[in-house]
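# Residue-level structure breakdown
What follows is the residue order along each chain.
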There are 2 protein chains.
Amino acid sequence: MGQSEGQLGHQIEHGVDEGLERLERALGRAVVRDPHVLTGFVRDQAALAPAGVPAALVRARSEDDVIATLRLANAHGIPVVTRAAGTGLAGGANAIDGCIVLSVAAMDRIVGIDPLTRTAEVEPGVINGRLAAAAVEHGLFYAPDPASREISTIGGNIATNAGGSCCLKYGVTGDHVAALRAVLADGTVIRAGSITTKDVAGLDLKRLLVGSEGTLAVIVRATVRLLPVPPPASTLVAFFSSVREAAEAIVAMEARAALSLIEVMDRVTVGAVDAMTGMQLDTEAAAMVLVQSDAPNAAEVIATCERVCVDHHARDVVCSDDPEEGRMLLQARRMALPALERLGTTLLDDIAVPKPRLPEMFERAVAIGARHGLVIGTFGHAGDGNLHPTIVFDPRDEASTRAAHAAFDELVRAAVELGGTITGEHGVGTLKQRYVGWALGEAERALMQRIKRAFDPNGILNPGKGY
Amino acid sequence: MGQSEGQLGHQIEHGVDEGLERLERALGRAVVRDPHVLTGFVRDQAALAPAGVPAALVRARSEDDVIATLRLANAHGIPVVTRAAGTGLAGGANAIDGCIVLSVAAMDRIVGIDPLTRTAEVEPGVINGRLAAAAVEHGLFYAPDPASREISTIGGNIATNAGGSCCLKYGVTGDHVAALRAVLADGTVIRAGSITTKDVAGLDLKRLLVGSEGTLAVIVRATVRLLPVPPPASTLVAFFSSVREAAEAIVAMEARAALSLIEVMDRVTVGAVDAMTGMQLDTEAAAMVLVQSDAPNAAEVIATCERVCVDHHARDVVCSDDPEEGRMLLQARRMALPALERLGTTLLDDIAVPKPRLPEMFERAVAIGARHGLVIGTFGHAGDGNLHPTIVFDPRDEASTRAAHAAFDELVRAAVELGGTITGEHGVGTLKQRYVGWALGEAERALMQRIKRAFDPNGILNPGKGY
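This next bit is on the overall build of chain A. A count of helices and strands for chain A gives 16 helices and 19 strands. Taking 467 residues into account, the globule formula puts the C-alpha radius of gyration at 23 Å, and chain A, at 23 Å, falls close to it. Along the first, second and third principal axes, the C-alpha set of chain A runs to 70 × 60 × 40 Å. A total of 467 residues make up chain A; the buried ones form 59% of that total. Contacts in chain A between residues at least 24 apart in sequence constitute 72% of all its contacts with a sequence separation of at least 6. Summed over all atoms, the accessible surface of chain A reaches about 17,800 Å², with 52% contributed by carbon and sulfur. Side-chain charges of chain A comprise 44 positive and 57 negative groups, with the mean position of each set lying 4 Å from the other.

Right, dumping it as C-alpha cells:
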C-alpha cells in the first residue's frame, strides 16, 4: 500500500505543475498562485480544524471556468476544494495540500425571480441575505436562515444543507431547493431536480448533492423555492429554574400549536450575553427559552404558550406581538456566540439529539465541563434538538487546549449515546472526520465511497472530507 | 453484443434453477413456484404496462428472509422485483421474466409509535391507512395521502415517493421519512437517515432510496414522522366557465393564504362523476375546483377564497366549515377515476407542469383528445401542477387502442414541452420507460446507472425499471 501510494503521489506531483500551467494558460488572471493571496484561502471559519496549503486559487467567473478547472484538475489528479464565502464551521472548505481552491464567490448573479412559480434562480455565490431581500421585493420569502445568512452563500448553504432557526417550521436548506445544475469532476454538466413540486423521474440526484460538502460535484446554478411572506411573528421569552422544566415546557407548547422558532440558552450563555449587552436577563435562571409563532393566529398561540410556561413554573415570561420588539428579544440569542467568544477562545460544537433527550444533553454538557474544569456555554435550536455546546479555553495553555479537545470529543459521544448525530447543521468537514465512524457504519461509509466514485472516479473533489 | 448476451443468458439460466432450489431449501414454504399462484404476482395496477413471467415468489416474513433471498439471487444472477400490495400505477412492481418476486406484504408490523419524538417505526408492508389510524389514537397525523392509502403500503409509498392531495401543504412521502433500514443486493444491511430532524453526517442515502422504485435496495424498516392532528378543514367547491379562469382563481387564492388542498376536475370528469353519483354537479362548467384549508383560521381563509372565486367569475361556489360536509364535497374528486372507468378502458396518465402552465396543459389535453377522437378526462392535484389526464378507449378496437397510446405519448410530450415532468407521483416503472430520455439527459442517466451499480453491482434489483 505504502509503495503504490508513493508512486501515485509522485505521478500526481509531476502532473500538478503541468496541470496548473495549463490552467493558467486557459483561465489567465482567474488563476492565482501568489502565496500571499493563497493564505486567505486556506481555511473557512473552523479555526481549529486541520487545513493544508493550496497550490492555486481559481476565481471562477462562469460555469465555463468551473468546467475548465475541473477538466484539468481531473486529468492531472489535482484535488479541488470548492468554496465561496468560506463561512463554514467544520473545515469543509479548508484547503488540502497541493489543491486548487475553486472559488465560486464571483458567480453571484440572481438570474431571476419568478413570482408565478415562486422560484429564484441564482448562481452559487449569491449571499443568502441578498436573495432574501430580493425575494421580499416580490412579496416572497426565502426561508433558510443560517446564523451566517448575511455573509454566507446559497452555494455553501446547499453544500452543507445548512440549518438555522427556521427549520422547526420551514425545514432545512435542502427542503427549499427545487433544482440544481452542477459540474462533475470530468467537466460533465448535470441537472438535478425539477421546478415542479412533484417529480419522480429517476433517482433524486438533487438531494444527494445537497449536503455533500463539495465531494460529488460543483454546483453552478440553483433554483430555490420561495414562499409568501408569513404574517408578523409573535414572540415569547421565558426563564426556567431547571433545564428539565424548560424542556418539558417546550414539549407542552409544541403539543398545543405549531411554532416557527424555539431557541434555548443555558445559564452560562445567558450570563455571557448579559455581561456583554447589559440586557438585564435573569442570570440566575438555568435556561432561557425563546419561542415565536408566525401563524395567522400568532398572538393567540403565544398567549397559550405563556400559560404553558407559567404552568411549568417559569420564573419569568415576557411576550410581545410587536415584530420589532420580537427582533430585540431574539437579539439575546443572536449574541450567544459573540458573547461566549469574549470569554476566551471557543470550540463551537454542533450536535443534535432527539428532542426528548434535550435535558440529558444539557446535563451531560454541564458534567463534561465540570470534569474538565472548562466553561461550556450551550445554546441552540431546541425545536430541532440541535445544540451548540461551546467550549471556552485558553489556547496558550496546553492543558486547557487538551481538555477542550477531550471535552469536544465527549460532547459528540454523548449526543451519539443519546440517539443523536455528530453534526446537526455544520457538516463533517475536517473537524468531525474522526467521529464519522460513530455516526455511520462500515457498510454505509463503503457505499458512500462507491457513490462518490460514481460522480468522481479519480477522487479529486474535496477528498478526505465529509464521510 | 448479441453473442455475449446470449452466453450471459445461458449462464444465468443455469444459475437460476440451482439458485431457486437453494432458496426453497433455505426458506421452505415462503418460496412459491406454483404457476397459478405466480399469476397473481405478475402485475401491479398498471394493467397496460409490460410485464414478464416470474420464476418464483418469496413471501418474506422477516429481514432475514429478505437477506437470504437477495444473497442467493445475487449469487445466481436472478432478478428480484420487490413488491407489497402491488397498487402501483406504472408497472414498477411488474414481474420480469425469470425473476423472483419478493413480497414484503407480510412484514406488516407497526413496531412502535413514539409520541415524544412524533415518529412511527413500521415494517414495509404496513398499509398507509392503518398507520394513519394508529397515529390518530396518539393524537398524531401521518400526512402522506396517496389516493390508494387504504390499500397501499408504506414500503411502496416510499419506493415510489408517492404523492397525494396533501402535498401542497405537507409535501410528498419522502418529506415524512425520518430513517430507513434497507438490504443491498448482496445482503448487506444499511441504515439511512436519522430520527433527529437535522443530521448532515454523510451523503443523504435516505433520499436516494426514496422513489428509487426497488432498483437500489429493499426497504425492511421505516421510521416516519408524525404531526399533531391539524384543525378541522374548511372546504370550498367552485365551478368556472373556463379552465383559464379556474387557474387564475387558484393562483389568486394561493397568493392570499396557505391552503392544504387544491384539486381540479375538467368538464369530462365532472360529467362522468355526475352521471355515476347523481350529485347534481354543474356539468356545463369547464372546471370544478376544490379547495381546503386546515389552518387555525380555516373558516376565514375559505371565506376569502370564496370572494376570490366570485371575483374570478365563478359560476357557482359552495363553502362549508363542517368537516363531514367537506368530506362529502371531496367525494366528487375521489370518484373521478372510478367514474371515468365506467366509460371504457382507461389509460391513466400522471404528469406535472409548473403551476402557471396548468391552463395550457388542460387545453393541450382537450386538443389531443379531439385530434384522436378520444374522450380524455383530466383531473388532479392543481396545487402541485400534477394532473391525471385519463384516456378512455376500447381495447377491442385496434384503431382506438393505437390512438389511445399515441395520445398518451402526446400528453407526456406536452407536459415536458411546458417545462414539466413525465411523472409527478406514480413513477416510471415500465409504463414510462420510453419517456425517460425526455426527462433526463444522457449524463444524468449514465450517472444514475453508476449509482445503481454502487448499490447493486450485478444489476439484480428491478433491472430495466425506473431510469
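Now that the structure has been shown, the text picks up again.
Attention shifts here to the pattern of salt bridges. When the charged atoms of two side chains lie near each other, side chains of opposite charge can form a pair. In this structure the tally under the stated criterion is 47 salt bridges over all chains. B:Glu324 serves as the salt-bridge partner of B:Arg327, at 3.3 Å between the closest nitrogen and oxygen. Residue B:Arg327 and its partner B:Glu324 are both found in helix H11 (residues 323-334); the two are separated by three residues, about one turn of the helix. Overall, the relative accessible area of 43% leaves B:Arg327 in the partly exposed class. For B:Arg396, the salt bridge goes to B:Asp394, with nearest N and O atoms at 3.1 Å. Among the charged side chains, a network of salt bridges with common partners joins A:Asp175, A:Arg207, B:Asp175 and B:Arg207.

Here we come to the pairing of strand E19 (residues 386-393) of chain B. Residues and elements named next belong to chain B. Burial of E19 is extensive: eight of the eight residues sit out of reach of the surface. Both faces of E19 are covered, namely the face carrying Asn 386, His 388, Thr 390 and Val 392 and the face carrying Leu 387, Pro 389, Ile 391 and Phe 393. Direction of pairing for strand E16 (residues 345-348) relative to E19: antiparallel, over a ladder of four bridges. Residue pairing for E19: Thr 345 is matched across the bridge by Phe 393. Note: strand E17 (residues 351-352) against E19, two bridges, orientation antiparallel. Counted as the bridge partner of Ala 352 is Asn 386 from E19. Here seven bridges tie strand E18 (residues 375-381) to E19, and the two strands are oriented antiparallel to one another. Among the inter-strand pairings, Gly 377 is bridged to a residue of E19, identified as Thr 390. With antiparallel pairing between neighbouring strands as the criterion, E18 and E19 make up a hairpin whose turn holds four residues, including Gly 385 at a positive phi of roughly 65°.

Below, the discussion takes up the domain arrangement of chain A. Looking at chain A, the domain boundaries give domain 1 (5-105), domain 2 (110-228) and domain 3 (234-417). The centre of domain 1 of chain A, based on its C-alpha atoms, is set 38 Å off from the matching centre of domain 3 of chain A.

Another aspect to go through is the sheet that holds strand E2 (residues 56-59) of chain A. All names here are of chain A. Strand order in the open sheet made by the four strands is E1-E2-E4-E3, with mixed pairing throughout. If you trace the sheet from one side to the other, it starts and ends with strand E1 (31-32) and strand E3 (80-83), each paired once. Bridge count for E1 against E2 is two bridges, and the pairing is antiparallel. Paired with Val 32 across the strands is Leu 57, a residue of E2. Packed on one face of the sheet, helix H3 (residues 63-76) meets E2, E3 and strand E4 (100-103) and runs near 165° to E4.

Reports of interface size often rely on the accessible area that becomes lost once the parts have come together. On the chain A side, the residues contacting the 68 residues of chain B number 68 residues. Buried area between chain B and chain A, both sides added, is near 5,000 Å², and the carbon and sulfur share of it is 66%. Sorting the residues of chain B by area buried against chain A places B:Lys198, B:Val200 and B:Leu203 first, and these three jointly supply 18% of that buried surface. Applying the counting rule to chain B against chain A returns seven salt bridges.

Quick look at the state of the cysteines now. Two cysteines whose sulfur atoms are joined by a covalent bond form what is called a disulfide. Residue and element names in this part refer to chain B. Counted according to the given criterion, the structure contains zero disulfides over all chains. Its sulfur unpaired, Cys 309 is 6.6 Å from the next cysteine sulfur, which belongs to Cys 305. Look at Cys 309 and you get buried, because its relative accessible area is 0%.

Attention shifts here to a nonpolar patch on the surface. Taken together, A:Val268, A:Leu343 and A:Val375 make up a surface patch of nonpolar side chains, about 220 Å² in accessible area. Following the sequence through the fold, A:Leu343 ends up in the loop between helix H12 (336-341) and strand E16 (345-348).

In terms of nonpolar packing, the biggest core is built from 185 residues, with A:Met253, A:Ile451, A:Phe455, B:Ile451 and B:Phe455 touching the most fellow members. Beyond its immediate sequence surroundings of up to four residues, A:Ile451 is in contact with A:Leu208, B:Leu203, B:Leu205, B:Leu208, B:Ala454 and B:Phe455. A:Val66, A:Leu102, A:Val183 and A:Ile460 belong to the second largest nonpolar core, which has 28 residues in total.

Relative to chain A, chain B is turned by 180° and slid 0.0 Å along the rotation axis, the superposed coordinates differing by an RMSD of 0.0 Å. What the superposition gives is, in effect, a two-fold axis relating one chain to the other. In this assembly the copies share their binding face: 100% of the residues contributing to the interface of chain B also contribute to that of chain A.

So, about the packing of aromatic side chains. Residue and element names in this part refer to chain A. Tallied over the full model, the rule gives six aromatic pairs over all chains. Taken together, a centroid distance of 6.2 Å and an interplanar angle of 35° make the contact between Phe 408 and Tyr 435 tilted. With Phe 408 in helix H14 (residues 398-417) and Tyr 435 in the loop between H14 and helix H15 (436-439), this residue pair connects regions lying 27 residues apart in the sequence. Take Phe 408 and Tyr 435: they sit in the same class, and that class is buried. A connected cluster of aromatic rings, assembled from ring pairs, spans Phe 408, Tyr 435 and Trp 438. Note that Arg 413 overlies the ring of Trp 438, its terminal NZ or CZ placed 3.9 Å from the centroid.

What counts and what doesn't
- Numbering of residues starts from 1 in each chain and follows the order in which that chain's sequence is written.
- Throughout, the order in which chains and ligands are written sets their labels, letters from A for the former and numbers from 1 for the latter.
- Residues qualify for local features only when their pLDDT is at least 70, as the model is predicted, and side-chain atom pairs are given and counted only at 80 or more; totals for whole chains, interfaces and linings, by contrast, use all residues.
- The side-chain numbers reported here are obtained from all heavy atoms of the structure, hydrogens and water having been left aside.
- Note on conventions: DSSP H or I runs of at least 4 residues are helices, E runs of at least 2 residues are strands, and numbering of each starts at the N terminus.
- Taken over C-alpha atoms, the radius of gyration is set against a globule rule of 2.2 Å times the number of residues to the power 0.38.
- Between buried and exposed lies partly exposed: a residue is buried under 20% and exposed over 50% of the maximum accessible area for its type, with that area taken using a 1.4 Å probe on protein chains only.
- Whether two residues touch is decided by their heavy atoms; if any such pair falls within 4.5 Å, the residues are in contact.
- Calculation of accessible area relied on Shrake-Rupley with a 1.4 Å probe; when residues are assessed, cover is drawn exclusively from the protein chains displayed.
- The positive count covers Lys and Arg only, the negative count covers Asp and Glu only, and His and the chain ends enter neither.
- Here the site of a charge means atom NZ of a Lys, CZ of an Arg, CG of an Asp or CD of a Glu.
- What makes a salt bridge here is a side-chain nitrogen of Lys or Arg within 4 Å of a carboxyl oxygen of Asp or Glu, nothing more.
- When DSSP locates at least two bridges between a pair of strands, those strands are taken to pair.
- Where each domain starts and ends comes from a domain assignment, either automatic or drawn from a database.
- Think of each axis as a best-fit line through the C-alpha atoms, taken over the contacting stretch in the case of a helix, with angles from 0 to 180 degrees between the N-to-C directions.
- By definition, the buried area sums, over both parts, the 1.4 Å-probe accessible area that each loses when the two are put together.
- What counts as a disulfide here is a pair of cysteine sulfur atoms lying within 2.5 Å.
- Candidate patch residues must exceed 30% relative accessible area and have no salt bridge, after which like charges are joined if within 9 Å and Val, Leu, Ile, Met, Phe, Trp or Tyr side chains if within 5 Å.
- To define a nonpolar core, start from buried Ala, Val, Leu, Ile, Met, Phe, Trp, Tyr and Cys residues and group those joined through side-chain atoms within 4.5 Å.
- Residues reaching a pLDDT of at least 70 in both copies supply the C-alpha atoms on which the copies are superposed by least squares.
- Side-chain rings of Phe, Tyr and Trp (the six-membered ring for Trp) are treated as a pair once their centres are within 6.5 Å; stacked means planes under 30 degrees apart, edge-to-face means over 60, and tilted covers the remaining angles.
- Note on geometry: a ring has a charge over it if NZ (lysine) or CZ (arginine) is within 6 Å of the ring centre and within 35 degrees of the ring normal.

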